[in-house]
Amino acid sequence: MALQHDADPRENRRFRMVLFMAMALVVAKAVLTASSGIEGLAQTGNDDIMRFLSVRDWLAGQAWFDTRQYRMVPPEGLDLHWSRFVDAAIGGLVRLGEVVVSTERAEVFALVAWPTLLFLGLIAATGLAARRVLGSRAALVSVMALLLWPPTGATFFAPMHVDHHNIQMLLTAVTLITLVVPGPAGRLGAIGGAASAMSLAVGLEMMPAIGLAGIVLLCQTVFLTPGRARQLGAFSVTLALVAAVLFAGQTAPDEWMATRCDELSMPYLALASAGALCCLAVAAMAGRVPNGALRGVAALVLVVLAVALVYPVVRPCLVGPYGDLPQRVQDVISMRIAEARPALPALLAGDTMAVRFVFPALMAAALASALWVLDMRRRAGGAETRRRVGILLLFGWLGVIGSLFQIRLVMLGAAAFPFLCGYLVEGVLRVGKARGAGRGARLALVPVLALTLLSPALYSLATSLAARAGSSMGPAQMRATDASCRTPDVLRSLNTVPSGAVLSTSNLGAPLLLLTHHMALAGPYHRSPEAMADGVLPFEGDEAQMRAALRRTGADYLLLCRDAVYGDGSSFATGLAAGEGADGLEAVAGPDPALVLLEVSGRDG
């Protein structure tokens, strides 16, 4: 078994220094962020706010199995269907902080500490694993990649970001690491299976990556890779058992038999159980069938039987979590939620999120694939290392392919991205040294780094320079956007008016709950299709659509951002935001001038 090792102790020292500096930088950023107070949470995503409110409600006495947010879409509330185990971890940090500081400061401590601890764990796990598989120099680059790539360095693991994506990315990284590092097969399989089960309990977004991990182990077992049969068995059985335990721990007993396609439920438990039986059968069969072709056919037959066995149970979920939603709501998700758009059109349009999230991953996968093919042809780097890099490439391309459907699915390959960057840099230097062109190899690193690690920063710099060089904006371009009303001071001014149910755009729903005493009638959550649609369509439509929404929701207030443009600019809401009057909608004095708050005085429209 060939593993990377560093004969030069200087490389080891450099790696340790970079690892320490990276972790120190993350901690320093967290300490600085803590000074912003709870207002800093309002500048994060809606899911981060809703997660925090869920934690706060649970600590205040809301039942463990009751994950509804009752102040959104009252009186029935919004069912968030999020894992209480994540709430418990964050809530535990709040209680720990309350030992020495006030509850308000303890909440800030938890909001900062949770993503910081997860990021420190990801940096340590990735760096140490990359060092074992690729060497210290590649591991050094892998650590830097985690800091420089926006999804990990600036978004999901940033302080105050307590949404579930960060822990899912960490758990998927653990699963991937168990596929590429050496160690006792049974232990690696159990760790990978447990991490995968925990990821599923948190959310289903990483299911394709977990499935790929199982496929990799199954194929290696069929091809008699040493130890993989035992690892496959441990992985599949542990995944099924731990998933069942976590499901029972976060799901009310009277809902155990309910089919829910957007969270861990009976169809997915059945799939995990059938998969475990199939994998155990393949592992038992592999060592007893001498012919490789027969092993492959037998494994395929077992997989088909497992799929046939579980198909009636999982069939309702084959359309995905959004399949049963009205088409207009599906259009809102695919067209109005930035991270839910497909990456290719966004990349061609120069979309900031697509360029910063997807382009580096695409370039890392493409360039690493080319280097891997070259290594395979030259038989360079050791057979075991080439095999492991092949697995990393599978996960890297899974993220790239996933992003073609939704930008956010690039996180399916997030665990592989830093490894691939490290492999690229190490490989370019290695090839250059082998060809006696050390200086040329170092020069070749410039475009490699520019296309991968540095591309987000270079894009930001280019767009900033272009904006400065461009002409000044005209009056129409200078009109406010809805996001300009999301600042804490502006929204807190709504506390000067009596509490009521507020119809606003979806982007303002969660901050309203965090910063004011009002209730929200719209939010970007598919468990309430009407609330999702009401946060977009009435604001972009005509007067009849807006009045119908106000009537249907029973809104007390309509909230707009002054001078904001909604839709194409011809909507009824745009006119109201510009100061136009309308019967039954009376302007309320008191809130910040950046807001237009209208009291609904006639429910009959």
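Look a little higher up for the structure.
Residues numbered from 1 in each chain as written. Predicted model: local features only at pLDDT ≥ 70, side-chain atom pairs only at ≥ 80, totals over all residues. Heavy atoms only, no water.

1. Describing the packing of helix 9 (residues 207-222) against helix 11 (residues 266-286)
Packing of helix 9 against helix 11 brings their axes to within 9 Å, and their N-to-C directions diverge by 15 degrees. By the criterion of interaxial angle, the relationship of helix 9 to helix 11 is roughly parallel. Judged by the sense of rotation from one axis to the other, the crossing of helix 9 with helix 11 is left-handed. From helix 9, M207, L218, T221 and V222 reach across to helix 11, where they touch Y268, C279, V282, A283 and A286. Counted by class, the contact of helix 9 with helix 11 contains eight nonpolar, one polar and no charged residues. (Axes fitted to C-alpha atoms, helices over the stretch in contact; angles between N-to-C directions. Helix = DSSP H or I, 4+ residues; strand = E, 2+ residues; numbered from the N terminus. Parallel < 35°, antiparallel > 145°, perpendicular 65-115°, else oblique. Left-handed = near helix turned anticlockwise from the far one by under 90°. Contact = heavy atoms within 4.5 Å. Nonpolar A, V, L, I, M, F, W, Y, C, P; charged D, E, K, R; others polar.)

2. Section: helix 4 (residues 103-134)
Side chains that are three or four residues apart share a direction in an α-helix, a result of its 3.6 residues per turn. Along its 32 residues, helix 4 runs 45 Å from first to last C-alpha, staying within 8% of the 46 Å computed at 1.5 Å per residue. Directly beyond the C-terminal end of helix 4, a positive phi value near 105 degrees is found at G135. (Expected span 1.5 Å × (residues − 1).)

3. Focus: the side chain of E107
Looking at where E107 falls in the secondary structure, it is placed in helix 4. For E107, a relative accessible area of 10% translates into the label buried. Beyond its immediate sequence surroundings of up to four residues, E107 is in contact with I38, F52, R56 and V94. (Buried < 20%, exposed > 50% of the residue type's maximum accessible area, 1.4 Å probe, protein only.)

4. Structural notes on the packing of aromatic side chains
Aromatic ring pairs are described here by two measures, namely the spacing of the ring centres and the angle between the planes. Tallying each qualifying case throughout the model produces eight aromatic pairs. Between the aromatic rings of W82 and Y525, the centroid separation amounts to 6.1 Å while the plane-to-plane angle is 75 degrees, which identifies the pairing as edge-to-face. Of this pair, W82 sits in the loop between strand 2 (78-79) and helix 3 (84-97) while Y525 sits in the loop between strand 4 (519-520) and helix 22 (529-534), and the two are 443 residues apart along the sequence. Side by side, W82 and Y525 carry an identical accessibility label, which is buried. Seen from their ring centres, F247 and W256 are 6.4 Å apart, and the 45 degrees between their planes marks the pair as tilted. Residue classification places W256 among the partly exposed positions, given a relative accessible area of 34%. Ring pairs connect the aromatic residues W58, W64 and F85, which therefore count as one cluster. (Phe/Tyr/Trp six-rings, centres within 6.5 Å; stacked < 30°, edge-to-face > 60°.)

5. Some thoughts on the side chain of Q69
When you line up the elements, Q69 lands in strand 1 (residues 68-69). On the accessibility criterion, Q69 (4% relative accessible area) is buried. Setting aside anything within four residues of it in sequence, one finds Q69 in contact with M50, L53, D57, G77, L78, L80 and L513.

6. Remarks on unusual backbone geometry
The general pattern is negative phi for most residues beyond glycine and trans for most peptide bonds. Omega for the peptide link from P74 to P75 comes to 5 degrees, which places this bond in the cis form. One can find P75 in the loop between strand 1 and strand 2. Notably, V73 is not glycine yet its phi reads approximately 55 degrees, a positive angle. Mapping V73 onto the fold places it in the loop between strand 1 and strand 2.

7. Structural notes on helix 24 (residues 543-553)
Within helix 24, burial applies to M546, R547, A549 and L550. Buried residues of helix 24, viewed axially, fall in a sector of 155 degrees; they line one side. The residue sitting at the N-terminus of helix 24 and contributing the capping side-chain oxygen is D542; that oxygen lies 3.3 Å from the backbone nitrogen of A544. (Arc of directions from axis to C-beta. Polar contact = N/O pair within 3.5 Å; in protein donor to acceptor, adjacent residues only side chain to side chain.)

8. Here we look at the environment of V428
With respect to the helices and strands, the residue V428 is situated in helix 17 (residues 417-434). Sequence separation between V428 and A444 is 16 residues; the distance between their C-alpha atoms is 7.4 Å.

9. Topic: the pattern of salt bridges
On inspection of all chains with the given rule, the structure shows 19 salt bridges. E11 is the salt-bridge partner of R14, the closest N and O atoms lying 3.3 Å from each other. Here R14 pairs with E11, and both are found in helix 1 (residues 9-34), just three residues apart, close to one helical turn. Its relative accessible area of 43% is what places R14 among the partly exposed residues. Using a relative accessible area of 12% as the deciding quantity, one classes E11 as buried. Within this structure, D79, E255, R260, D262, E263 and R527 form a network of salt bridges that share partners. (Salt bridge = Lys/Arg side-chain N within 4 Å of Asp/Glu carboxyl O.)

10. Some points on the packing of helix 11 against helix 12 (residues 292-314)
Contact pair helix 11 / helix 12: the axes reach a minimum separation of 9 Å and the direction vectors enclose 165 degrees. As judged from the angle between their axes, helix 11 and helix 12 are roughly antiparallel. For the pair helix 11 and helix 12, the sense of crossing is right-handed. Side by side, helix 11 and helix 12 meet where M266, P267, A270, L271, A274, C278, A281, V282, M285 and A286 of the first sit next to R295, A298, A299, L302, V303, A306, V310, V313 and V314 of the second.

11. Considering the nonpolar core
Residues M50, F395, L503, L514, L558, L560 and L585 are the most contacted members of the largest nonpolar core, which totals 179 residues. For this core, the element with the highest residue contribution is helix 4, accounting for 16 residues. Counting nine residues, the second-largest nonpolar core is a separate cluster that includes V329, I333, A533 and V536. (Core = buried A, V, L, I, M, F, W, Y, C linked by side-chain atoms within 4.5 Å.)

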